[in-house]
Amino acid sequence: MADAVAPGWTRAAAPDGTGFIRAGSGAPVLFIHGVGMNATIWQPQIQRMADRFDLIAIDMLGHGRSPLPPQEPELADYAAQAIRLLDHLGLDKVSVVGHSMGALVAQELALLAPERIRRVVSLNAVFRRPPDLAQAVLERAAALTGHGDAAGVAQTIARWFGDPVPAELTAAAGKAAAALSEVDPEGYARTYRLFARADGDHAERLQTLAMPALFITGSEDKNSSPAMSAAMARLAPHGRCTVLAGQRHMMAVAAPDLTSRCIAEFLNEGESLEQGAAADASFDSGEFRRALGCFLTGVTIVTTIGAEGEPRGFTANSFTSVSLDPPLVLVCIAHKALGHPVFATSKSFAINILNETQKAASGIFASKAADKFASVDWRPGKTGSPVLDGSVATFDCDMERLVEAGDHSILIGRVRDFQHNTSQPLGYCRGAYITPGLSQEALAAAQPGTDVGAILENGGRILFLETPDGFLELPRGRGLGSASDGKSLNGLLAAKAIEAQLGFLFAVWDDAGKPSRTHVYYRGTFDVPASSDRGIRLIDIDAIDELKIADPATRSMLTRYVRECTEDAFGVYVGNEVEGEVRPLARTAALNTGDQG
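Residues numbered from 1 in each chain as written. Predicted model: local features only at pLDDT ≥ 70, side-chain atom pairs only at ≥ 80, totals over all residues. Heavy atoms only, no water.

Engineer: Would you take a moment to explain the pairing of strand β7 (residues 117-123) for this structure?
Structural biologist: Side chains on a regular strand alternate between the two faces of the sheet. Counting buried positions along β7 gives six out of seven residues, so the element sits mostly inside the fold. On the question of chirality, the crossover connecting strand β6 (residues 94-99) to the parallel β7 by way of helix α3 (residues 101-112) is right-handed. Note that β7 and strand β8 (residues 213-218) share four bridges and pair parallel. Residue S122 lies in a different strand from β8, and its bridge partner there is F215. (Buried < 20%, exposed > 50% of the residue type's maximum accessible area, 1.4 Å probe, protein only. Helix = DSSP H or I, 4+ residues; strand = E, 2+ residues; numbered from the N terminus. Right-handed = clockwise from strand over helix to strand, strands pointing away. Pairing = 2+ DSSP bridges.)

See below:
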């Protein structure tokens, strides 16, 4: 007997008593919820995906309207329930999406009946819990009595959503709490006891998973961690890991738009693992090119997650871009490197371009140190691979292809995610580290007559100072100086409450009228001043040509700056205010430093 739960949705029961919801039309997809929930928890996904898919959400054994599982159930019992439902509905082959305990059931279903499953999505799945987490889950399981536990519901909601629950997640947390309060206590206890001990059931079987598999979790999910999803994706022959930044265990209801989009995009892909010839429409090739441009003759740390869920990494400067469409990069690792077996079999890796303060990290990751990651701060990237804090740029990649070349392996990665900033990259040349600009410490000790200025940019706008007669000029002072020296550049910036970060040298010229005076200008960035000083003007780069600038040399320099911004190719002007030359930033041949792994 069926009852309508929403327009176009059907609530019904199979002959064995299994409850389910069905809605939509298209390719069939089976949804399996986690412990304590029921089919209605998938409401956000049904609302967002029913126009493209035939969606079936099952009440697993002991939950919702379904009968209890056996006293001592196994994952196979829950997978068999799902197969009986598919048979009842006349569905020969479906994709399956499972959350938490439901993800373990989805994997079991795919392993037991691979001919029935097109694709499998594991949301917030557990895998080989570390000892402390395993002990905590086993203790919670042992404490279950088969009777309702209001305190336990509150503790679970705090674990899933945070304590206190953020205001924007109140509705989602309320829905989860209602499901927990309504679940059959005995069904919950039997299922949770299985959940507590089944995290390693597929450790030796995932390598036989025949179909494309997506493992998604949240970066803040401590109990179904990114390392767990990355390890499962590594074992599955057609596995892929995606980590959603800022999300926790119940991201399907806490961030339904994002989670549903990830699921739908994966299900919509072709049966092969290829992601399509064209790059995603949202992928910004121009920004990607500029991010690649952060690499000079630089130094990178390449990272991944090992088979046991441990972070691995090595130092390398054999990095280069390969293609913009699709977005591909490559890095090389020596066959003799300790980490070669790990990286050669990895499904994903991240490339972290180091900044000039990260020499120590470069040295540690080039060594045979036992715990390299103890020396750096990092977080899981979108693929689960470690992304190092402070990097100039990061490229989080799926393994596109492994190419053997001489005594090295070439790892070609398809970029899934990237970030970059304006900090200065660390260089490497002729066996030594280098930095690309003049030392600001040395400049601070230069002769007092040196005129030091800066072209400071923020979001496509340049910072100018307005003079009393209405002209605009760049911030400058006598020497670099300190914040307490009002005549210096740093003193001027401090007086105007301008937080600036000086970067590359941009121009050096001698004053034709005063041969003893040298002008030095840097490129840099600034934080938008909180000050209401009307003498500060922020001008769009494309409006610079129209400005009232008194000094011809400064105007000429700014004209070059606009041109080089457009071309994304900067040089250094050396000469005087009348004549000189623009020298490109030198690039030397890259050396591979990543032989230790």
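Engineer: Just to check I follow, could you spell out the packing of aromatic side chains for this structure?
Structural biologist: By the definition in use, this model includes 10 aromatic pairs. In this structure an aromatic cluster arises from ring pairing among F288, F319, F395 and F418. Directly above the ring of F471 sits K548, whose terminal nitrogen or CZ lies 4.5 Å from the centroid. Above the plane of the ring of F506 lies R560, whose end atom (NZ or CZ) is 3.8 Å from the centre. (Phe/Tyr/Trp six-rings, centres within 6.5 Å; stacked < 30°, edge-to-face > 60°. Lys NZ or Arg CZ within 6 Å of the ring centre and 35° of its normal.)

Engineer: In this structure, what is going on with the side chain of S100? I would like to understand it.
Structural biologist: Within the element layout of this structure, S100 appears in the loop between β6 and α3. The class for S100 is buried, based on a relative accessible area of 6%. When residues no more than four places from it in sequence are discounted, the contact partners of S100 are G34, L123, N124, F195 and H249. (Contact = heavy atoms within 4.5 Å.)

Engineer: Looking at this structure, how should I read unusual backbone geometry?
Structural biologist: Generally, phi is negative for residues other than glycine and the peptide bonds are trans, each holding for most cases. With an omega dihedral of 5°, the bond running from D163 to P164 counts as a cis peptide bond. Checked against the element boundaries, P164 lands in the loop between α5 (150-161) and α6 (170-182). Between D325 and P326 the backbone carries a cis peptide bond, its omega angle lying at 5°. Residue position: P326 is located in the loop between β12 (319-323) and β13 (328-334).

Engineer: Just checking my understanding: could you explain the sheet that holds strand β18 (residues 408-420) for this structure?
Structural biologist: Backbone-to-backbone hydrogen bonds pair the strands of a sheet. The strands run either parallel or antiparallel. Spatially, the seven strands line up as an open sheet ordered β11-β10-β14-β17-β18-β13-β12, and their pairing is antiparallel. Looking along the sheet, the strands with just one partner apiece sit at the ends: β11 (311-316) and β12. Averaged over all neighbouring strand pairs, the angle between strand axes comes to 35°, with direction disregarded. In the sheet, β12 pairs with β13 via four bridges, with the strands oriented antiparallel. Across the sheet, the residue bridging to F319 is V331, located in β13. (Axes fitted to C-alpha atoms, helices over the stretch in contact; angles between N-to-C directions.)

Engineer: Is there a simple way to explain the pattern of salt bridges in this structure?
Structural biologist: A side chain with one charge may pair with a side chain of the opposite charge, provided their charged atoms come close. Under the defined criterion, the tally for this structure stands at 22 salt bridges. With its nearest N and O atoms 2.7 Å apart, the salt bridge here joins D16 to R84. Of this pair, D16 sits in the loop between β2 (9-13) and β3 (19-24) while R84 sits in helix α2 (residues 75-89), and the two are 68 residues apart along the sequence. Judged by relative accessible area, which is 31%, D16 ranks as partly exposed. Given a relative accessible area of 39%, R84 falls into the partly exposed group. (Salt bridge = Lys/Arg side-chain N within 4 Å of Asp/Glu carboxyl O.)

Engineer: How do you make sense of the nonpolar core when you look at a structure like this?
Structural biologist: Nonpolar side chains in soluble globular proteins tend to be buried together. If you look at the biggest cluster of nonpolar residues, it comprises 98 residues, and the most contacted ones within it are L30, M101 and F161. By residue number, the principal contributor to this core is α3, which donates eight residues. When residues no more than four places from it in sequence are discounted, the contact partners of F161 are P166, L169, A172, A173, A176, R248, M250, V253 and A254. Counting 23 residues, the second largest nonpolar core, distinct from the first, contains V302, I333, I353 and C397. (Core = buried A, V, L, I, M, F, W, Y, C linked by side-chain atoms within 4.5 Å.)

Engineer: Honestly, the packing of helix α4 (residues 131-143) against helix α7 (residues 185-197) in this entry has me stumped. Any pointers?
Structural biologist: The description of two packed helices rests on the angle between their axes and on the distance between the axes. Close contact between α4 and α7 brings their axes to 9 Å; oriented N to C, the two are set at 160°. It follows that α4 is roughly antiparallel to α7 by the angle criterion. The two elements α4 and α7 cross, and the hand of that crossing is left-handed. For the pair formed by α4 and α7, the contact residues are V137, L138, R140 and A141 on the first element and Y192, R193 and A196 on the second. Of the residues in the contact of α4 with α7, the class split is five nonpolar, no polar and two charged. (Parallel < 35°, antiparallel > 145°, perpendicular 65-115°, else oblique. Left-handed = near helix turned anticlockwise from the far one by under 90°. Nonpolar A, V, L, I, M, F, W, Y, C, P; charged D, E, K, R; others polar.)

Engineer: Would you take a moment to explain α2 for this structure?
Structural biologist: Turn by turn, an α-helix covers 3.6 residues, leaving residues three or four places apart pointing in a common direction. Its 15 residues place the ends of α2 22 Å apart at the C-alpha level, agreeing with the 21 Å of an ideal helix rising 1.5 Å per residue. Among the residues of α2, L75, Y78, A79, Q81, A82, L85, L86 and L89 are the ones counted as buried. One side of α2 holds all its buried residues, which, seen down the axis, span an arc of 150°. Packed against the buried residues of α2 are β3, β4 (27-32), β5 (53-58), β6, α3 and α7. Positive phi appears at G90, one or two residues downstream of α2, with a value of about 70°. (Expected span 1.5 Å × (residues − 1). Arc of directions from axis to C-beta.)

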